[in-house]
Structure formats: structure tokens, C-alpha cells
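Take a look at the letters that make up each chain.
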Amino acid sequence: MVTVGVVQQPSSGIRSAAASFVLKFIASQIDKICRFVVVLVAAPALGASAFGEYQFAVTTTLLLALGTELGLGLWTTRALARDPAQSAAIVTAGLRVRVASVGPYLVLLGVIALVQGRADLRWALGALGIATIAHSFVDYFGAALRGHEDFRRDALMNGARAFLTGAAALAALRLSPSLVGLAAGSAIGASASVVVGVLVLRARIPVTVARPAAGTMHVSLGALVPLWLTGLLSNLYFRCDVVLLQLLADDTQVGLYGAAYRLFDAWTILPGAIVAVVFPRLARLLATRSATARLELELGATLLLLGIAAAAVSALTDARLVHGLFGAGFAEARAPFRALAFALPLLFLNFGLSQSLLARERERAYLVLTGGLLALNVSLNLAAIPRFGGVGCAWVTLVTEAARTVGCVTIFATGKRDAAGGALAG
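Caption draft 1: The arrangement of the side chain of Thr230 in detail. Tracing the sequence through the fold places Thr230 in helix 8 (residues 214-248). Only 3.3 Å separates the side chain of Thr230 from the backbone oxygen of Glu363, close enough to count as a polar contact. Beyond its immediate stretch of four places on either side in the chain, Thr230 contacts Glu363, Tyr366, Leu367 and Thr370.

This is the structure:
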């Protein structure tokens, strides 16, 4: 086993992470741009109805993948940041769990595909399921690299993944402008990116085939359960609106809301890149009992200001963005996009709040919060969709993000009171 030393940072602040942020941002930007280009080409080529089916298939495969993600990525990043000397054992243990999760995923996806009435939708679900499995492995490789704060290799791998998947999807769509063609191209490109990911990972971490120590594996599984459930419930409330729209509205509504949500989701490049860079530092500082208040304050203030700026830009340019990018046929997507824009400041801030809680190992408290948020989101969507359609989903997203902010702040306050009480008792 190779021992990897921790590089000491001159400062733990956000400014000192600028170079890493730039690399992560560029990689995320390439990924978002490639996905966005595919959407821009696919939406008019397929039409609102078929594009709605594509959104349904993508969302379904992603939701199933969340059920088998098991919190591996975050656990691996946090574990490597705190104990880089155990890198090979940690990554090997994680990969074994990741491989074991593929079987149940395929079984569940097969059942869902069989009950679909249209053959092309069944084939699309199968192809996108393969693509999702491939992406899950590349995501895990990236989590391992970020645990060592190796953002150069992480950026290289994710940039290659974005290019391969996007290029294959566009090529397939040109050859066969259909739902199945687009899904098949995505699967081919994503599978090729796994090969690249393996090569990049092995250049940094000497992953072995030996079984990790029994104690390490036991502790890992115990830590995975709350992280897995937290990630699952959190992502469910982000994704369930499309499924509920499909059930309670029609394909056109799903397509319009899907276009608006793509514009909204494009903004998450910024907070996603920032928290990806800062999270390993937070985990390492907490492990060594170093002060983290300044870093958390900088993180929250930076994300909130960026969210306000993103909301302002979206509100001022919503009509031009929707019409210019999707065409006149998607003009009605402006209304849900405008509503989603108001949620951006809270969404950005919540990226930082949630990751700070997970770095502090408060995932059990955050799990209770995400369970409540999911129940709130589903209840509000069931009431809003029949009357307001996709616009109702957008406003529900805003309300849910506001509730998440209040919940995260409450958990922080509770933790500080508990810590103060423990100190007085001592």
C-alpha cells in the first residue's frame, strides 16, 4: 500500500482554493455545456412530446441510481481527506460496493421498462440505464480524486466524460433523430468514459484487488447508511416533480418544465464547483479539530451573493434565454423558469449549509430534515400540479429550498447548544 502525504495549505480560506476552483469550474462548465448542447439539439429534433418522454426516462434512471448510490462518493472523499494513507483500501472497499449495487439497479430498471406501453420508451430506458451506471463509476472515481484534492486529474476525467458522452449522443441523434437514437448514443459515450476514468484513477491511486481489512469494511458500511439515505431523499425531492408531472399532467408540460429546469440547473455549476473544492478542506480541518467557522462563513457569504446575482440575471433575461435557446415552441417555459429563478439564492446557500453539516458528520440530523423536505415537496406538488402544471412545480421548489435553509440553520444552532452544554458539563 502506498502512503500519500497531505499537502499543507497556507490558508484554509476560499481564496487559497482559487486554482482548484478554476479547474473544477472548467470541468463542470464543459460538462454542463455538453449536456446543454445535447438538450438544445434534441428538444427541437424530437418535439415537446418526445422530449418529455426523454426527460421522463432520464429522470427515472437517475432516481433508480440514487437508490443504489449508497453515499459512496461523499464517504470516500471525506475518508480520504482525513486518512490519505489508507487510500487504496478505502477506494477498493468503495468499488466493491459500487459493483455489487449494479445488479439490483438493473433488476428494478427492467421491471419499470417492461410495464411501459411503448417499445421505444422501453429501449430508451435500457440504454439510459447503462449510461447512468457508467456515469456512477466515473462519479466515484472523481470523488476519490477529490479526496486527495487532485482536481487536475478530476477535471481531465470529467472533461473527457462530457465530451465523449455529448459527442456520441449528437452523432447518434444525427444518424437516428429519435428517442432511442439519442439514448443509445448517450450509453456509448458514457461507457467509453469509464475506460478513461479507470486509467486516470490508477495513475493517482494504486487500487488493489485485495479485500480490505474487516474492521475498515464494517466501519465503512455503518457510515454509508445515513449518507446514502440523506442523498437519496435529498435528490428525490429535486427529481420527483418531473415524475409527478408525467403522472398528473401530460408530456408537453413535462417538456416545457424540463426545458426551464435545464436553464435553472445550469446555474448550479458555480456552487457545485465551490463546495467540491471546499468540502475536503472542511473534513480535514474538522478531523484535526482546527477552526472552521471562518471557512464556513466565507463559504456561505460567497454562495449567497452568487445566488443573488444568478437570480437577477435570470429574471432580466428569461424571455431571451428561453426563446433564443429553445425556440418559439417552448415560449411557455418562460413562466416556470422565472419562478425557479427566485429559488437560486437559497439554492446556492443550501449547497454550502448542507455540505458543512455533512463535513461535521451531522448526516443523521440532516437525514431527518431531508425526509421532511421530501414529504413537503410531494404534498405541495400534488396540490399544485393539477391546477398550475409546471409553474406550480417551480414555486414548490422555492418553498422547499426556503424550508431547507431554515432546517439547516436549526441543525447548526442545535449542534452549538449541544457542544456548549457538553463543555459546561465537563
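Caption draft 2: A look at the packing of aromatic side chains. Applying the stated criterion across every chain yields a total of five aromatic pairs. With centroids separated by 6.1 Å and ring planes inclined at 35 degrees, the aromatic side chains of Phe51 and Tyr54 adopt a geometry described as tilted. Remark: Tyr54 and Phe51 occur in helix 1 (residues 18-67); sequence separation between them is three residues, near one turn of the helix. Taking relative accessible area as the criterion, Phe51 reaches 0% and is therefore assigned buried. Here the aromatic residues Phe51, Tyr54 and Phe330 are joined through ring pairs into a cluster of three or more.

Caption draft 3: Focus on the pattern of salt bridges. What the rule picks out here adds up to 11 salt bridges. One salt bridge connects Asp139 with Arg161, and the closest N-O pair in it is separated by 2.8 Å. Residue Asp139 is found in helix 5 (residues 119-147), and its partner Arg161 is found in helix 6 (residues 151-175); the two are separated by 22 residues along the sequence. By relative accessible area, Asp139 is classed as partly exposed at 41%. Classification of Arg161 as buried rests on a relative accessible area of 5%. One salt bridge in this structure joins Glu296 and Arg360, with 2.8 Å as the shortest N-O distance. Of this pair, Glu296 sits in helix 11 (residues 293-326) while Arg360 sits in the loop between helix 13 (344-359) and helix 14 (363-388), and the two are 64 residues apart along the sequence.

Caption draft 4: View of empty space enclosed by the protein. Scanning all chains against the criterion turns up one cavity of 30 Å³ or more. Considered as a void within the structure, the largest cavity measures approximately 70 Å³ in volume. Lining the largest cavity we find Ala65, Thr68, Arg98, Ser101, Val102, Tyr105, Thr132, Ile133 and Ser136. The element contributing the most residues to the lining of the largest cavity is helix 5, with three residues.

Caption draft 5: View of a nonpolar patch on the surface. A contiguous nonpolar surface patch, about 230 Å² in accessible area, is contributed by Val22, Ile26 and Ile30. Turning to its location among the elements, Val22 is positioned in helix 1.

What counts and how
- Residues numbered from 1 in each chain as written.
- Predicted model: local features only at pLDDT ≥ 70, side-chain atom pairs only at ≥ 80, totals over all residues.
- Heavy atoms only, no water.
- Helix = DSSP H or I, 4+ residues; strand = E, 2+ residues; numbered from the N terminus.
- Polar contact = N/O pair within 3.5 Å; in protein donor to acceptor, adjacent residues only side chain to side chain.
- Contact = heavy atoms within 4.5 Å.
- Phe/Tyr/Trp six-rings, centres within 6.5 Å; stacked < 30°, edge-to-face > 60°.
- Buried < 20%, exposed > 50% of the residue type's maximum accessible area, 1.4 Å probe, protein only.
- Salt bridge = Lys/Arg side-chain N within 4 Å of Asp/Glu carboxyl O.
- 1 Å grid on protein atoms, 1.4 Å probe; cavity = no way out; pocket = protein on both sides within 12 Å on 5 of 7 lines; lining within 4 Å.
- Points joined across faces, edges and corners; volume = space filled by probe spheres on them.
- Patch = residues over 30% accessible without salt bridge, like charges linked within 9 Å, V, L, I, M, F, W, Y side chains within 5 Å.
- Areas by Shrake-Rupley, 256 points an atom, 1.4 Å probe, with all protein chains shown as cover.

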